[in-house]
Number of protein chains: 2
Amino acid sequence: MGTPWSHRFAYRTATVKSSAIRELLKLTQRKEVISFSGGLPAPDVFPTSRFKEACQRVLDEHGPQALQYSTTEGYLPLREMIANNLQRYGILATPDNVLLTNGSQQALDLIAKLLINRGDRILTEAPTYLGALQAFNVFGPDYVTVPVDDDGLRTDLLEEALRSGPKFMYILPNFQNPSGVTLSLQRREELVYLSDKYGIPIVEDDPYGQLRYEGQHLPPLVVLDRENLRRDEGYTLGNVIYLSTFSKTLAPGLRLGWIVAPREVISKLVQLKQGADLHTSTFVQMIAYEVARDGFLDEHVRLIREVYGERRNIMLQALDEFFPHEVTWTNPHGGLFLWVTLPEGCDCNEVLKAAIKENVAFVPGDCFYPGTEGNRNLRLNFSNAMPDQIREGIRRLSVALKSQMAKQKEFAEAH
Amino acid sequence: MGTPWSHRFAYRTATVKSSAIRELLKLTQRKEVISFSGGLPAPDVFPTSRFKEACQRVLDEHGPQALQYSTTEGYLPLREMIANNLQRYGILATPDNVLLTNGSQQALDLIAKLLINRGDRILTEAPTYLGALQAFNVFGPDYVTVPVDDDGLRTDLLEEALRSGPKFMYILPNFQNPSGVTLSLQRREELVYLSDKYGIPIVEDDPYGQLRYEGQHLPPLVVLDRENLRRDEGYTLGNVIYLSTFSKTLAPGLRLGWIVAPREVISKLVQLKQGADLHTSTFVQMIAYEVARDGFLDEHVRLIREVYGERRNIMLQALDEFFPHEVTWTNPHGGLFLWVTLPEGCDCNEVLKAAIKENVAFVPGDCFYPGTEGNRNLRLNFSNAMPDQIREGIRRLSVALKSQMAKQKEFAEAH
């Protein structure tokens, strides 16, 4: 008698599949599995006692305010702090250019709502962040992709892609998720030049920018942006919307990210956020402010850089030691991930099945493409596991990998 | 040279206007204004010290977990607590039927994403909750409305409206926002009968259900739902999606609401929430659980009922004392709001301008209709102001009202 609910679902739900990463996370929660799958920060460096103090101070001094409704834009002292921090990197943002979101995932949802009409073309790197594809897919875009190499987006292939008229470009210039590569300075210049030439804006997603373990900081696209540079009254028009988050520098369990954009864009995003959830938790914003203030955030980021940099090194050493020489990987200068490429004929999903039997997990590469590429790639996270676990995990993974490669070779010879 | 961003905005942004309530809130933040405008709980009853204890306990006992990423569905002990509480009201939900959201505003956004194709017809009460219209409008629906009277939705007018084929009905059965009226038991029965007859589901929004100051609790629609009753294996199919929140019982600054729905619906909503913000703050969910547990929530709701019930009485007395006899208002048995109707010819927005001069504020009635009705109505909140402020605010409002009514009379006589 009853109508199945699925008959009532809107067209857009057909494009939404459960994130492979999140399903995997469930599968690999067994204690004995060493997981390189999630993009999880190391819980052992969360500043728990600083959080405890912050909770007490916020509730003692601003209890009623912290627990009450607040404005959609976000807690003003936190927006001021974010704007000040950005100015150190040359981003001329004021608090009016900053909107607090529930992690940068919500920023992607709001931007998709703001910009994507069904059938609009979006330009992404290939591979690109899976969560962005999930956020965008709900609004029915088509994709045009440009591959990355060790210097990031192949800007030599960009102009042709831009001529197909994408609505915007979605770019992760620093220690890209999933590949770990960083866009070189020359390519940044080429990218903003082409963005300006074709009038096609950039959504610059920068969750990892502060987590650099070697080399020099490179200027964000929003700073190089020619439309922005042309103005002298600060960040008022600009071709770039910039995103970042506290998820990798303080704690992802807060769900606290932000959008930096021209006021015209912020004003419309605020209206969309009103309809989406009124505002981000007042309580969480005030606590994050108390934790981060007085230089603590910088100090904590230094600690994270040290810890994650060491873990990256350990993973790179273990890969050198254990992996077959036909397998290659990127050498990330920061962030949380590196990207493995298997020899021709290998399939990442077959390797994953073998890996899970060996009690080790990763995310198969084909998750990170709007199309059907990436089946010879693995994304490995190096921030979450402890150093000795990293080495053991890579050893186990090499066992799975070698058995799959042997099977593949056998199969190829037989046919 | 630069393209204005507005030329790039998606079609849906044209329907999104800034919430009049939120703009008003900014305008009336001056200390001397007595505001009946927001739907704000009383900050003086927030259980601040219980929150302090909860923060310490969560960070001491589960620090790394509380600050880390978690599952999209929400913190399991909290979902169990919510399911258990619902069972007291006859709602046969298990934790698998519960999805945590960033306030029930996000629930409305996710439901809109799930169900609304552009041009779909949505049935709402007239008037209805402004925030629901904001959430739905982004997805481009049309509306069909059915008026409310003192017994809630006019079910005698419902069948004709249902024949226009709405995708779903959005109903607030208890102490409706904005009118304060409650759907009678007989009409609840008629509503679920018609929902079943036409196969048109109900989204039942129940933020205030526990805040009843007189009369008997009435069964929620999700309990009366015939599709649900027909099954004996619990809440598996059902025609009703049920929403509620901690915003009115604990603290809105948490941004913590929930959706109760058949598993098929929850499973798709989880996928949509993954793309929207990954999950609701782990930290906030664990703290809410610690605060609410061991019977504290029930105890606290008893306190709120007492405080708000008194404030409602004071407002009703003041209205009797100060308001002209041509003006009428509803007599809410619970919740946060009452609804004033002015005589023919009055305009709520003119009254608001006069009221702001008298340092008192409310929300004009026309905000609460998808169409252009409601210009003779005012929504008054009675939970946020202190008792003596309520009396003084109503006195001021009566001054503004009488001056507008005199002007109107003068105008009518002159023409």
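Residues numbered from 1 in each chain as written. Chains lettered and ligands numbered in written order. Predicted model: local features only at pLDDT ≥ 70, side-chain atom pairs only at ≥ 80, totals over all residues.

Colleague: Looking at this structure, how should I read the overall build of chain A?
Modeller: The number of helices and strands found in chain A is 14 helices and 14 strands. Computed over its C-alpha atoms, the radius of gyration of chain A comes to 22 Å, within 12% of the 22 Å expected for a compact globule of 415 residues. In terms of its C-alpha atoms, chain A occupies a principal-axis envelope of roughly 65 × 65 × 50 Å. Per-residue burial for chain A yields a buried fraction of 54% across its 415 residues. Residue pairs in contact within chain A that sit at least 24 positions apart in sequence constitute 75% of those at least 6 positions apart. (Helix = DSSP H or I, 4+ residues; strand = E, 2+ residues; numbered from the N terminus. Rg over C-alpha atoms; globule rule 2.2 N^0.38 Å. Buried ≥ 20, exposed ≤ 12 C-beta atoms within 10 Å, placed from the backbone. Contact = placed C-beta atoms within 7 Å.)

Colleague: Explain the relation of the copies chain A and chain B here, please?
Modeller: The relation between the two chain copies is a rotation about an axis coupled with a shift along that axis. Overlaying chain A with chain B gives an RMSD of 0.0 Å, the required rotation being 180 degrees about an axis along which the chain moves by 0.0 Å. On the angle and the small slide along the axis, the relation comes out as a two-fold axis. Distance from the rotation axis, computed per C-alpha, reaches its smallest value in chain A at A:Cys55: 3.3 Å. Both copies present the same face, since 100% of the interface residues in chain A are matched by interface residues at the equivalent positions in chain B. (Least-squares fit on C-alpha atoms with pLDDT ≥ 70 in both.)

Colleague: What should I look at first to understand the packing of helix H3 (residues 76-88) of chain A against helix H11 (residues 282-292) of chain A in this one?
Modeller: Packed helices, taken two at a time, are described by the angle between their axes plus the distance between the axes. Residue and element names in this part refer to chain A. It is the contact of H3 with H11, at a shortest axis distance of 9 Å, that shows an interaxial angle of 45 degrees. Taken as axis vectors, H3 and H11 run oblique relative to one another. Here H3 and H11 pass one another in a crossing that is left-handed. Counted together, Pro 77, Leu 78 and Met 81 of H3 and Gln 285, Ala 288, Tyr 289 and Ala 292 of H11 form the full contact between these two elements. Here the residues of the contact of H3 with H11 are counted per class, giving six nonpolar, one polar and no charged. (Axes fitted to C-alpha atoms, helices over the stretch in contact; angles between N-to-C directions. Parallel < 35°, antiparallel > 145°, perpendicular 65-115°, else oblique. Left-handed = near helix turned anticlockwise from the far one by under 90°. Nonpolar A, V, L, I, M, F, W, Y, C, P; charged D, E, K, R; others polar.)

Colleague: Looking at this structure, how should I read the domain arrangement of chain A?
Modeller: Many authors give the size of an interface as the accessible area that is lost as the parts come together. All names here are of chain A. Taken domain by domain, chain A comprises domain 1 (11-46 + 298-414) and domain 2 (48-294). With centres defined by C-alpha atoms, the gap from domain 1 to domain 2 works out at 26 Å. Counting residues at the interface gives 32 residues for domain 1, matched by 34 residues for domain 2. Put simply, the parts of the chain that give the side of domain 1 that touches domain 2 at least two residues each are helix H12 (296-322) and strand S11 (337-341). With seven residues, the top contributor of residues to the side of domain 1 that touches domain 2 is H12. Tallied by class, the residues present in the side of domain 1 that touches domain 2 amount to 16 nonpolar, eleven polar and five charged. (Domains from an automatic or database assignment.)

Colleague: Honestly, the sheet that holds strand S7 (residues 202-205) of chain B in this entry has me stumped. Any pointers?
Modeller: Within a sheet, neighbouring strands are paired by backbone hydrogen bonds and run either parallel or antiparallel to one another. Residue and element names in this part refer to chain B. Strand order in the open sheet formed by eight strands is S2-S9-S8-S7-S6-S3-S4-S5, and the pairing between neighbours is mixed. The open sheet has two free edges, formed respectively by strand S2 (98-101) and strand S5 (152-153), since each of these has just one partner strand. Pairing of strand S3 (residues 121-126) with strand S4 (residues 142-149) involves six bridges; the strand directions are parallel. The residue of S4 that forms the bridge with Leu 123 is Val 144. (Pairing = 2+ DSSP bridges.)

Colleague: Even after reading the chapter, I still don't get the nonpolar core, so can you show me in this structure?
Modeller: When a protein is soluble and globular, its nonpolar side chains tend to lie buried together. Residues A:Val260, A:Ile287, A:Ala288, B:Val260, B:Ile287 and B:Ala288 are the most contacted members of the largest nonpolar core, which totals 177 residues. Not counting chain neighbours up to four residues away, the residues in contact with A:Ala288 comprise A:Leu78, A:Phe246, A:Leu250, A:Leu254 and A:Leu256. (Core = buried A, V, L, I, M, F, W, Y, C linked by C-beta atoms within 7 Å.)

Colleague: Would you mind going over the sheet that holds strand S10 (residues 328-329) of chain B with me for this structure?
Modeller: All names here are of chain B. The strand order across the open sheet formed by four strands is S10-S11-S14-S13, and the pairing between neighbours is antiparallel. The sheet is open, and its two borders are formed by S10 and strand S13 (363-364), each paired with just one other strand. Here S10 pairs with strand S11 (residues 337-341) via two bridges, running antiparallel. Note on S11: the bridge partner recorded for Trp 329 is Val 340.

Colleague: Before we go on, may I ask you to explain the interface of chain A and chain B in this structure?
Modeller: Chain A puts 75 residues into the contact, and the matching count from chain B is 75 residues. When residues of the side of chain A that touches chain B are traced back to their parent elements, those giving at least two are helix H2 (48-67), helix H4 (103-115), helix H5 (130-137), helix H9 (226-230), helix H10 (263-277) and H11 of chain A. The element that contributes the greatest number of residues to the side of chain A that touches chain B is H2(A), accounting for ten residues. Looking at side-chain class alone, the side of chain A that touches chain B contains 33 nonpolar, 28 polar and 14 charged residues.

Colleague: Just checking my understanding: could you explain the environment of A:Asn384 for this structure?
Modeller: All names here are of chain A. Relative to the assigned elements, Asn 384 resides in the loop between strand S14 (377-381) and helix H14 (387-414). Sequence separation between Asn 384 and Gln 105 is 279 residues, and the spatial gap between their C-alpha atoms is 20 Å. Contact partners of Asn 384, with chain neighbours within four places excluded, come to Ser 35, Gly 38, Leu 40, Pro 41 and Ala 42.

Colleague: Would you explain the packing of helix H4 (residues 103-115) of chain B against helix H10 (residues 263-277) of chain B in this entry?
Modeller: Residues and elements named next belong to chain B. The geometry of H4 relative to H10 is characterised by a closest axis approach of 10 Å and an angle of 115 degrees between their N-to-C directions. The angle between H4 and H10 places the two elements in the roughly perpendicular class. Regarding H4 and H10, the two cross each other, and that crossing is right-handed. Taken together, the residues of H10 that come into contact with H4 (itself represented by Leu 110, Lys 113 and Leu 114) are Lys 268, Leu 269, Leu 272, Lys 273 and Ala 276. Residue classes in the contact of H4 with H10 are distributed as five nonpolar, no polar and three charged.

Colleague: Hey, could you run me through the pairing of strand S9 (residues 257-260) of chain A in this one?
Modeller: Within a regular strand, the side chains alternate between the two sheet faces. All names here are of chain A. Burial of S9 is two-sided: the residues Gly 257 and Ile 259 facing one way and the residues Trp 258 and Val 260 facing the other way are all buried. The sheet contact formed by strand S2 (residues 98-101) and S9 spans four bridges and is antiparallel. Bridge pairing in S9 places Leu 100 opposite Trp 258. Across four bridges, the pairing between strand S8 (residues 240-245) and S9 is antiparallel. Bridge pairing links Leu 243 to Ile 259 in S9.

Colleague: Looking at this structure, how should I read helix H12 (residues 296-322) of chain B?
Modeller: Quick reminder: α-helices carry 3.6 residues per turn. Residues three or four places apart thus point the same way. Relative to the 39 Å expected for 27 residues at 1.5 Å per residue, H12(B) spans 39 Å between its end C-alpha atoms, a close match to the ideal helical length. Turning to H12(B), the residues buried within the fold contact S10, S11, strand S14 (377-381) and helix H14 (387-414) of chain B. (Expected span 1.5 Å × (residues − 1).)

Colleague: What is the right way to read the confidence of the model for chain A from this model?
Modeller: The predicted coordinates of low-pLDDT regions are not to be read in fine detail. For chain A, mean pLDDT is 93; residues scoring 70 or higher make up 94% of the total. Here the prediction assigns the complex a pTM of 0.95, and the interface score ipTM is 0.95. (pLDDT = per-residue confidence, 0-100.)

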